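Commentary on secondary and tertiary structure
Here are the chains, one letter per residue:
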Amino acid sequence: MVVVFFTGFPRQGRRMSETRSQAIMEIIKNYIVKQNSDIPFYVADLSDVLFKCRYWKSKLPRVEPFYAVKCNTDPVLISLLVSLGVKFDCASKGEMDAVFAAGADPSDIIYAHPFKSNSFLRYAASVKVDLMTFDTDLELIKIQRVYPQARLVIRIRIPNVPAAFPLGDKFGCEVSDAKKILTFAQSLDLNVVGVSFHVGSLCEQPFAYSKAIGMAKEVFNVAEDLGYHFTLLDIGGGFPGSTGSYDTFDKMCYYINQSLEEHFPEGCGVHVIAEPGCYMSNSAYTLCTKIIGKRIRTDTEAEDSECFKKKIFYYLNDGAFGSFSEDFEKYGFHIKPLLSKSQLAGRPVHRSKLWGGTCCSSDVVVEEALLPEMDVGDHLVFDNMGAYTTVLTTSFNGFPAPLTHYVFPPQSTYKTENEKLQPFEDFCRDLGATKLKSFIKIQEYICHDDSNDDLFRKG
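Residues numbered from 1 in each chain as written. Predicted model: local features only at pLDDT ≥ 70, side-chain atom pairs only at ≥ 80, totals over all residues. Heavy atoms only, no water.

An unreviewed UniProt entry lists the chain under the name ornithine decarboxylase, with Oedothorax gibbosus as the source organism. According to UniProt, the comment filed for the chain under the heading Function (unreviewed entry) is "Catalyzes the first and rate-limiting step of polyamine biosynthesis that converts ornithine into putrescine, which is the precursor for the polyamines, spermidine and spermine. Polyamines are essential for cell proliferation and are implicated in cellular processes, ranging from DNA replication to apoptosis." The annotation that UniProt attaches to the chain under Pathway (unreviewed entry) is "Amine and polyamine biosynthesis; putrescine biosynthesis via L-ornithine pathway; putrescine from L-ornithine: step 1/1." (UniProt positions renumbered as here; feature names shortened; annotations may be inferred.)

Right under this line is the structure:
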């Protein structure tokens, strides 16, 4: 059950001011006035992605990010990341194609799926995506038959790590089995170049990275004894990406840097990469939904006050078959009723339940929430909606997928605590933008809106 308490503006991360939230809300209000549409929509703040890239670089200078495409396949987001020199973790032909369409090169990709279909493997060979993971003998046999020139990374299992989405049961070999598997790879004359792991999506234990890097070092030593000379360490994902999650991320960075210094010191010849997904995209996307129906129910037997005897059902134009897939709440959303201060002050708060708009009885968005009373036609805004939302959206019951509007708020409306945000072009150059064609493509999606001096366009 998801229980949500409305508290006004969501709590922001310590380095991101409330000004950003206010700027995004103004963009949403202006769009609603102009379009008056029944289709839900996202506002994607590209400056937030830029901020995340720079923050990553400042906290993990030795770790090169390979964005996990599965998290959010928005072509504008991918084009932005290509322009910034970010590389990519792909798990299928479709994800590789999406990255290529944005201007990436085959050398920008790690095919990070331990179990690959023959057709996808043949495709990787045809486009020269040669870096890929494995964790079993049988996968090595497949690779040897289809793509023996591939550079391989053995994925190990990191047990007993608390995470919102553990992965240890599905992927990764035991460290104790690594010698046997690497010996088998040698017998097939395959080129194994490194070790990868994943502590689980939305890892809840920052110290887990220290443990995992230490385990990876054990496998490096085993490989050295066998005659290998590994040059790659992939520390996977698990990083949070919601507003207000910087403390957790900072702790992860502390343990990662400390453990790298202990086991893989700078100058040792090992290239360290990671696979952030949620970190890059989650806080950049804000979803606006519309209330299309309302039902009031009263529990006459409840002993609560009159306010809490009433429960209001709201039916939204998005739902569990759209942006609100199972477990979406783990990514740290907040609800913001799109009401003025006077409206908020004049409306009583009630127990509420949010339903999706389809005919399915399991289409529940939020089971229990405390919200000011809303009317049909009002809007509810959800922040931190950039991870595993659009990629899981279906067309069930014929409901349309949300539109996306891309913004880059100017210096006048968006500040960090210590400095004004740089202009878009300067920020890209500062982060080392190399793919100019991709950068130009992004600019085509962003145009000037004279009504509020913000940059935005429908995608």
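On we go.
1. A short note on the environment of Glu 218
By secondary structure assignment, the location of Glu 218 is in helix α8 (residues 208–226). Residue Glu 218 is classed as partly exposed on the basis of its relative accessible area, which comes to 43%. The spatial distance from the C-alpha of Glu 218 to the C-alpha of Val 175 is 7.8 Å, given a sequence separation of 43 residues. (Helix = DSSP H or I, 4+ residues; strand = E, 2+ residues; numbered from the N terminus. Buried < 20%, exposed > 50% of the residue type's maximum accessible area, 1.4 Å probe, protein only.)

2. Observations regarding the pattern of salt bridges
Enumeration according to the criterion identifies 16 salt bridges in this entry. Note that Lys 290 and Asp 38 form a salt bridge whose closest N and O atoms lie 2.9 Å from each other. With a gap of 252 residues between them, Lys 290 in strand β13 (residues 285–298) and Asp 38 in the loop between α1 (18–35) and β2 (41–45) connect regions that are remote in the sequence. With a closest N to O distance of 2.9 Å, Arg 351 and Glu 368 form a salt bridge. Here the residue Arg 351 occupies a position in strand β16 (residues 349–355), and Glu 368 occupies one in strand β17 (residues 364–372), the gap between them amounting to 17 residues. Given a relative accessible area of 21%, Arg 351 falls into the partly exposed group. Each of Lys 294, Arg 347, Glu 373, Asp 375 and Asp 378 takes part in salt bridges that share partners, so that together they form one network. (Salt bridge = Lys/Arg side-chain N within 4 Å of Asp/Glu carboxyl O.)

3. Brief notes about the pairing of strand β14 (residues 310–316)
Burial runs high along β14: five of the seven residues are buried. Where β13 meets β14, seven bridges bridge the pair, whose relative direction is antiparallel. Across the sheet, Lys 294 pairs through a bridge with Tyr 314, a residue of β14. Examined bridge by bridge, β14 and β16 share five bridges and lie parallel to one another. Among the inter-strand pairings, Ile 312 is bridged to a residue of β16, identified as Ser 352. (Pairing = 2+ DSSP bridges.)

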